[in-house]
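A structural walkthrough
Below are the chains, spelled out letter by letter.
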Amino acid sequence: MQDCKRKIPIPARTDGFVYGGKPPAWGETVVVEAFFDPVCPDSRDAWPALKKAVEHYGSRMSVVVHLFPLPYHSYSFIACRSIHTVNKINPSFVYPLLEKFFKCQEGYYNQPTYAKSRATVVDEITKNLVASIIGETNLAKYKAGFNDSQSDQAARISFKNGCARGVTGTPYFFVNGIPINVSGSPLGYKYWISILDPLVGKM
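Residues numbered from 1 in each chain as written. Predicted model: local features only at pLDDT ≥ 70, side-chain atom pairs only at ≥ 80, totals over all residues. Heavy atoms only, no water.

- Identification of the chain as Thioredoxin-like fold domain-containing protein from Urochloa decumbens is taken from an unreviewed UniProt entry.

**Re the overall build of the chain**
- Summing up its helical and strand segments, the chain has 8 helices and 5 strands in all.
- Counting from the amino terminus, the chain carries its helices and strands in the arrangement α-β-β-α-β-α-α-α-α-α-β-β-α.
- Relative to a compact globule of 203 residues, whose C-alpha radius of gyration would be 17 Å, the chain shows 17 Å and is just as compact.
- For the chain, the spread of C-alpha atoms along the principal axes amounts to about 50 × 40 × 35 Å.
- Taken across its 203 residues, the chain has 48% of its residues classed as buried.
- The long-range fraction of contacts in the chain, counting pairs at least 24 apart against all pairs at least 6 apart in sequence, stands at 75%.
- For the chain, the accessible area works out to roughly 10100 Å², and carbon and sulfur atoms hold 54% of it.
- If the 23 positive side-chain charges of the chain are averaged to one point and the 16 negative ones to another, these points end up 3 Å apart. (Helix = DSSP H or I, 4+ residues; strand = E, 2+ residues; numbered from the N terminus. Rg over C-alpha atoms; globule rule 2.2 N^0.38 Å. Buried < 20%, exposed > 50% of the residue type's maximum accessible area, 1.4 Å probe, protein only. Contact = heavy atoms within 4.5 Å. Areas by Shrake-Rupley, 256 points an atom, 1.4 Å probe, with all protein chains shown as cover. Lys, Arg positive; Asp, Glu negative; His and termini not counted. Charge placed at Lys NZ, Arg CZ, Asp CG, Glu CD.)

**Focus: the layout of surface pockets**
- For the largest pocket, the calculated volume is near 360 Å³.
- In terms of lining, the largest pocket is formed by 14 residues, of which the most central are Pro11, Arg13, His84, Gln150 and Ala154.
- Put simply, the parts of the chain that give the lining of the largest pocket at least two residues each are helix H3 (76–89) and helix H7 (149–164).
- Ranked by residue count, the leading element in the lining of the largest pocket is H7, at 5 residues.
- Its residues assigned to classes, the lining of the largest pocket shows 6 nonpolar, 5 polar and 3 charged.
- Quantified by volume, the second largest pocket comes out at close to 170 Å³.
- In terms of lining, the second largest pocket is formed by Arg13, Thr14, Asp15, Gly16, Val18, Pro24, Trp26, Val31, Glu33, Val64 and His66.
- Of all the elements in the fold, those that place two or more residues in the lining of the second largest pocket are strand E2 (30–36) and strand E3 (61–67).
- For the lining of the second largest pocket, the class distribution of residues is 5 nonpolar, 3 polar and 3 charged. (1 Å grid on protein atoms, 1.4 Å probe; cavity = no way out; pocket = protein on both sides within 12 Å on 5 of 7 lines; lining within 4 Å. Points joined across faces, edges and corners; volume = space filled by probe spheres on them. Nonpolar A, V, L, I, M, F, W, Y, C, P; charged D, E, K, R; others polar.)

**A short note on helix H5 (residues 118–134)**
- Maximum bend of H5: about 35 degrees, positioned at Thr126.
- On its buried face, H5 is in contact with H3, helix H4 (94–104) and helix H6 (139–146).
- Within two residues after H5, Gly135 carries a phi angle of roughly 85 degrees, on the positive side. (Bend = angle between axes of the 7 residues up to and from the residue.)

**A word on the packing of H3 against H6**
- Two elements in contact, H3 and H6, have axes separated by 9 Å at closest approach and are oriented at 125 degrees. Considering the angle they form, H3 stands oblique to H6. Crossing of H3 over H6 shows right-handed handedness. In this structure, H3 uses Ile78, Arg81, Ser82, Thr85, Val86 and Ile89 to contact H6, whose residues at the interface are Lys141, Tyr142, Gly145 and Phe146.
- Residue composition of the contact of H3 with H6, by class: 5 nonpolar, 3 polar and 2 charged. (Axes fitted to C-alpha atoms, helices over the stretch in contact; angles between N-to-C directions. Parallel < 35°, antiparallel > 145°, perpendicular 65-115°, else oblique. Left-handed = near helix turned anticlockwise from the far one by under 90°.)

**Looking at the packing of H5 against H6**
- The N-to-C vectors of H5 and H6 enclose an angle of 140 degrees; their axes lie 11 Å apart at closest approach. Considering the angle they form, H5 stands oblique to H6. Classified by chirality, the crossing of H6 by H5 is right-handed. For the pair H5 and H6, the contacting residues are Arg118, Val122, Ile125, Thr126, Val130, Ala131 and Ile134 in the first and Leu139, Tyr142, Lys143 and Phe146 in the second.
- Looking at the contact of H5 with H6, its residues break down into 8 nonpolar, 1 polar and 2 charged.

See below:
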């Protein structure tokens, strides 16, 4: 953990992806940060309730998702690199691709990919998930971007950022910078309301 904290490079932009186009406004909105692994079932199950809460509170709430590739999910890092790469092409692709991974993640668990090469899995992700989100015209740019060092570095920074903040699994949540002590499991919509209502009321 100490090694992780010492060696985090400072990125050109703040880590994470803002949902709904409302950037965090510290002191003006309640800010929820979620650490998700695109191929984690609990991350998948946690997203709908958090998304519903964003829709409920609107401009009074900001959500930032940080990617946290768990090392025991074999292709999580590849999934995170894919999302960072499409972000470079167009940030509007990020959440559709994340949700696509959530929808199709069972095909990229450890067992279904055990006998496949890395190149085969990357090709399947490109054809089955990415292409339908970014369109055929952007595939060459995606493939070039996926193979450069920037997406690799961005995914590493995301992981190290989580380690430095004490993230131990996914989903993991912070509200206004404070960790939620039930992180690691999906939180229901009613739970989010119970946390956020008092905070939004004080804004």
